[in-house]
Amino acid sequence: KMNISLPNADKDIFKKTIRFASGCCLQHDGCIINRDNGNGRTVRNVVEAAGLMMSSRLSKQTAHTLQDLTELKIADLMDV
């Protein structure tokens, strides 16, 4: 179990990342319904990938705070 959080300011970016990854549409006009739209597996995959990006980012640093170890950054989501 990962114990990571996301700053409130970055939650909109997380939502956009999930929508992009799942193919979920904001409006129904022209939206192609896909079995994976909003799929929990997609959300888990995005969170796990962001966790891996966070680990990679932290491995390049020499000192870490508790916040560093438990909080995703925008860059972690953007690289997913």
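If you're wondering where the values come from, they're calculated on a predicted model, not measured in any experiment.

1. Digging into the pattern of salt bridges
When charged atoms on two side chains of opposite charge get close, those side chains can pair. Per the stated rule, a full pass over the model turns up four salt bridges. For Lys 16, the salt bridge identified is with Asp 12, shortest N-O distance 3.4 Å. Here Lys 16 and its partner Asp 12 are both found in helix 1 (residues 11-22), four residues apart, which amounts to about one turn of the helix. Residue Lys 73 is joined to Glu 71 by a salt bridge in which the shortest nitrogen-to-oxygen separation is 3.7 Å. Since its relative accessible area comes to 29%, Lys 73 is described here as partly exposed. Residue Glu 71 is classed as buried on the basis of its relative accessible area of 15%.

2. Quick notes on the nonpolar core
Counting six residues, the largest nonpolar core is built from Leu 6, Ala 50, Met 54, Leu 58, Leu 72 and Leu 77. Setting aside chain neighbours within four positions, we find Met 54 in contact with Ile 4, Asp 68, Leu 69, Glu 71, Leu 72 and Asp 76.

3. Comments concerning helix 1
Between its first and last C-alpha, helix 1 extends 16 Å over twelve residues, near the 16 Å set by a 1.5 Å rise per residue. For helix 1, the full list of buried residues reads Thr 17, Ile 18 and Ser 22. Buried residues along helix 1 cover an arc of 115° about the axis, so they all sit on one side. Counted as exposed and oriented over 90 degrees from the buried face of helix 1: Lys 16 and Phe 20. Looking one or two residues past helix 1, Gly 23 carries a phi angle of roughly 75°, positive in sign.

Conventions used here
Every chain's residues receive numbers from 1 upward, in the order its sequence appears when written. Predicted model: local features are reported for residues with pLDDT of at least 70 only, side-chain atom pairs are reported and counted for 80 or more only, and whole-chain, interface and lining totals are derived from all residues. Side-chain calculation: all heavy atoms of the structure are included, whereas hydrogens and water are not. The salt bridge criterion pairs a side-chain nitrogen of Lys or Arg with a carboxyl oxygen of Asp or Glu, the two atoms within 4 Å. Elements are defined by DSSP. Helices are runs of H or I of four residues or more, strands are runs of E of two residues or more, and each kind is numbered from the N terminus. When a residue's accessible area, from a 1.4 Å probe over protein chains only, is under 20% of the maximum for its type it is buried; when over 50% it is exposed; and in between it is partly exposed. Put simply, buried Ala, Val, Leu, Ile, Met, Phe, Trp, Tyr and Cys residues joined by side-chain atoms within 4.5 Å make one nonpolar core. Whether two residues are in contact is decided by their heavy atoms: any pair within 4.5 Å suffices. Given the number of residues in a helix, its expected span is that number minus one, multiplied by 1.5 Å. Starting at the helix axis, one direction is taken to each C-beta atom, and the arc is that of these directions.

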